[in-house]
Amino acid sequence: MEIGDRTLDNEFVMAPVKTGYGDAEGRVTDRIRDFYARRADHVGAITPEPLALDPSLRELPNQLRIDTDEAIPSLSTLTKTIHDGDAAAIAHLNHPGRMANPEIEGNVHHSASATSCERTGVTPERMDDDDIETAIDLFADAADRAERAGFDAIELQFGHGYLVAQFLSPAVNDRTDAYGGSQQARARFGLEVFAAVQAATDLPILVRLTADDGVEGGIDFETAQWLAGELEAHGVDTVHVTVGTICAKPPDFFQHMYAEKGRPWAYAGDLRDDLDVPVMAVGRINEFEDIETIREEDLADLIAVGRPLVADPDFVGKYLGVVEGPSRPCMACNDGCLGGVKSGEGLGCVINPAVGREADLRIEPAAETRAFAAVGGGPAGLSAAETLADRGHDVTLFEPDELGGQFHYAPFPPGKEPLRKGIEYFRERLEAIDLVEIRREPAAPADLADFDGAIVATGSEPMEPPIDGLDSVEPDGVEILDPERLPIEERVMVIGGGYVGLEAADALAAADNDVIVVELQSNLGGDMIDLEKGPLLERLGADDRVEINRETDLERVEDGRAVATRDGETIYWEAIDRYVLATGVSSDDQFAEAASDLDVPLYRVGDAETVGKAQDAIASGFEVARTL
């Protein structure tokens, strides 16, 4: 496979994924080199995170920068790292326009027009001719620096709702000058960027464009088809096809589990039929079957894989058969990757605790192998059992119920089915390791007597708020999400509007129940990432069967009647068939306390130690087990 005159080892390209691993000056760090070194072995090329063209155009405070010649030595160390893994290095150049991060001091927001971004609320300044010329120069100068830093190709971001797409979209661009109005005029800015980059470098040029941004009156496939033809006529080397816009359609942009799988690949196939240059497909290509679909249906020449290589650096190697074992799956949740970047901690992963700490968190064989018990088969217990076995220890896992603990119920709400892959991965992995025995029975403290140590992963238990009569109505918990237990056509009150409460309401409404959500606080969704919270609240708000009550203090329940107060007024509900309790959990320490007198070291992990999310639990089990 070739990009321009560069021959790649295979058709797999790591897509650009923001890491947040740069230093305060946007320079390459050991952390970012270690991250890409671990992922360079089995792909044909790597496209590192987008390179900032100017410090006033950053999406992350520590985003890698290419705005001055001083960046070249630092970026050269990154291209060398990638080349050492026999992969080509592609520089991704992007001007965010109105999508520059509004929380970064000194950032500016320019665009084709003063059209506000739906996601951030930012209203940008309309660019004048000088602004346009400056932006074009930024692209050209960055391309020149990328070549001098050892990159093998340039990728220009023309899609995803960033600046070039803002000019191209009739829904954003309302100009009446030479850069607005007709399709040709709206494309003028992008084509001038392309020409300037062509003049600045001899490197092959890829263009990433949006085949359909999903916005009424925005960029549709016919527009993308025309633009791809124009780019081919101007000498583009590869067209990289995606969908969505970061302002209006974030789930499509991030290819979250809510997005329709395979849609970008189909568009890539349609464009490939029209073009004589290579086409690259991208978007939730996170299972081997996806690769087979793209290959068998001839949808693309190149296959871009991003977050699956975050979850498992050997994803491509395992597909190619050069690395053994099941692939650690990307579940398309965006919780660890996007959530970690937004939190400032840097790119992480729910199912892979070593992401971003590859050099520090290697799994080394144990100096002395021993026998451990793992009490509880939730995310923390499964992670600990896997890590202990990988280090050579014998592990006996006790779990009387379904593997996965509370996470067993995570795939049941609408759109969350991909989360099942996480549980299936651990089950498949542990069942294939001879050192692991899974006992489908509860553990008693006496069962631990012959072990050298025990992982206590007993999880959490629901917290009961002080509501009169709650015990008498015997509320359901998270288990209500199980399709076999989900009621149909009932009137259900969900007590608590956090993460679990909203997902329970969503599942109940989808099963034709009338749902009343009562939340004491003003905030809904708890620590759910905005990418999920926004669409979920929009869906619930548009459903006539769902009633959401914020800042409402539920005081009493009795049979089918509930009483609450809000703003000093008393509120009554009648004819309630069922209650669901979703007011949070606390650590379940009963087993640990009962076993505390044993002469066996106990190691609490996950919610049994500190209540958190699945990512916290998996990381907790991993980090404890790697030290034993």
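Check the entry above for the structure.
Bear in mind that the values here come from a model prediction, so they are computed numbers and not experimental data.

A. Examining a negative patch on the surface more closely. A grouping of D128, D129, D130, E133, D137 and D141 is seen on the molecular surface, where their side chains present a negatively charged patch. You can see D141 is positioned in helix 3 (residues 129-148).

B. Expanded view of the sheet that holds strand 27 (residues 602-604). The parallel open sheet is built from five strands, whose spatial order is 16-15-14-17-27. Either end of the sheet is taken by a strand with one partner, and the two such strands are strand 16 (436-439) and strand 27. Neighbour-to-neighbour, the strand axes of the sheet open up by a mean angle of 20°, direction not taken into account. Summarising the sheet, strand 14 (residues 371-375) and strand 15 (residues 394-398) pair through five bridges and their orientation is parallel. Within strand 15, the residue paired with A371 across the bridge is D394. Across the sheet, helix 13 (residues 379-390) lies against strand 14, strand 15, strand 16 and strand 17 (453-456), angled at about 165° from strand 15, the strand it touches most.

C. A look at the state of the cysteines. Within the structure shown, the criterion is met by one disulfide. What pairs with C117 in a disulfide is C247, and their sulfur atoms sit 2.1 Å apart. Between C117 and C247 the sulfur-sulfur dihedral comes to about -120°; the bridge is accordingly left-handed. With C117 in the loop between strand 7 (110-111) and strand 8 (125-126) and C247 in the loop between strand 11 (238-242) and helix 7 (250-254), this residue pair connects regions lying 130 residues apart in the sequence. The class for C117 is buried, based on a relative accessible area of 2%. The thiol of C330 is unpaired, and the distance to the nearest cysteine sulfur, on C337, comes to 6.5 Å. Judged by its relative accessible area of 11%, C330 falls in the buried class. Residue C337 stays outside any disulfide, its sulfur separated by 6.1 Å from that of C333, the closest cysteine. Overall, the relative accessible area of 9% leaves C337 in the buried class.

D. Summary view of the side chain of T81. Mapped onto the secondary structure, T81 falls in helix 2 (residues 72-84). Not counting residues within four places of it along the chain, the set of residues in contact with T81 comprises R33 and A37.

E. Inspection of the sheet that holds strand 25 (residues 578-581) at higher detail. Here we have four strands laid out as an open sheet, ordered 21-20-19-25, and parallel in their pairing. Across the chains shown, the open sheet's two edge strands, defined by having one partner strand only, are strand 21 (546-549) and strand 25. Averaged over all pairs of adjacent strands, the angle between their axes in this sheet comes to 15°, without regard to strand direction. Note: strand 19 (residues 491-495) against strand 25, four bridges, orientation parallel.

F. Here's a closer look at the packing of aromatic side chains. Tallied over the full model, the rule gives twelve aromatic pairs. Note on F288 and F315: the rings are 5.5 Å apart at their centroids and 40° apart in plane angle, and the pair reads as tilted. Linking F288 in helix 9 (residues 288-296) with F315 in helix 11 (residues 315-320), this pair joins segments that are 27 residues apart in sequence. Judged by its relative accessible area of 27%, F288 falls in the partly exposed class. For F315, a relative accessible area of 2% puts it in the buried group. Ring pairs connect the aromatic residues F12, F288, F315 and Y319, which therefore count as one cluster. Cation over ring: R188 sits above Y179, and NZ or CZ is 4.6 Å from the ring centre. We note R539 situated over the ring of Y258; from NZ or CZ to the ring centre the distance is 5.3 Å.

G. Molecular detail of the environment of T242. Its location among the elements puts T242 in strand 11. Taking the relative accessible area as the measure of exposure, T242 reaches 4% and is therefore buried. Through-space distance from the C-alpha of T242 to that of L598 is 57 Å; in sequence the pair is 356 residues apart. Non-local contacts of T242, meaning those with residues more than four positions away in its chain, are made with H160, R208, L209, T210, A211, D212, P264 and V282. Reaching out from T242, the side chain makes a polar contact with the side chain of H160 at a distance of 2.7 Å.

H. Broad picture of the nonpolar core. In terms of nonpolar packing, the biggest core is built from 131 residues, with L93, L156, F158 and F189 touching the most fellow members. Setting aside residues up to four positions removed in sequence, L156 forms contacts with L93, F139, V193, F194, V197, I205, L206, V207 and R208. If you look at the next biggest cluster of nonpolar residues, it comprises 22 residues, including Y409, I480, V517 and L536.

I. Seen up close, the environment of A185. Checked against the element boundaries, A185 lands in helix 5 (residues 183-200). A relative accessible area of 12% means that A185 is categorised as buried. With 18 residues separating them along the chain, A185 and F167 place their C-alpha atoms 9.0 Å apart. With residues up to four places along the chain from it excluded, the contact list for A185 reads A178, Y179 and G180.

Rules used throughout
- Residues numbered from 1 in each chain as written.
- Predicted model: local features only at pLDDT ≥ 70, side-chain atom pairs only at ≥ 80, totals over all residues.
- Heavy atoms only, no water.
- Patch = residues over 30% accessible without salt bridge, like charges linked within 9 Å, V, L, I, M, F, W, Y side chains within 5 Å.
- Areas by Shrake-Rupley, 256 points an atom, 1.4 Å probe, with all protein chains shown as cover.
- Salt bridge = Lys/Arg side-chain N within 4 Å of Asp/Glu carboxyl O.
- Lys, Arg positive; Asp, Glu negative; His and termini not counted.
- Charge placed at Lys NZ, Arg CZ, Asp CG, Glu CD.
- Helix = DSSP H or I, 4+ residues; strand = E, 2+ residues; numbered from the N terminus.
- Pairing = 2+ DSSP bridges.
- Axes fitted to C-alpha atoms, helices over the stretch in contact; angles between N-to-C directions.
- Contact = heavy atoms within 4.5 Å.
- Disulfide = S-S within 2.5 Å.
- Buried < 20%, exposed > 50% of the residue type's maximum accessible area, 1.4 Å probe, protein only.
- Phe/Tyr/Trp six-rings, centres within 6.5 Å; stacked < 30°, edge-to-face > 60°.
- Lys NZ or Arg CZ within 6 Å of the ring centre and 35° of its normal.
- Polar contact = N/O pair within 3.5 Å; in protein donor to acceptor, adjacent residues only side chain to side chain.
- Core = buried A, V, L, I, M, F, W, Y, C linked by side-chain atoms within 4.5 Å.

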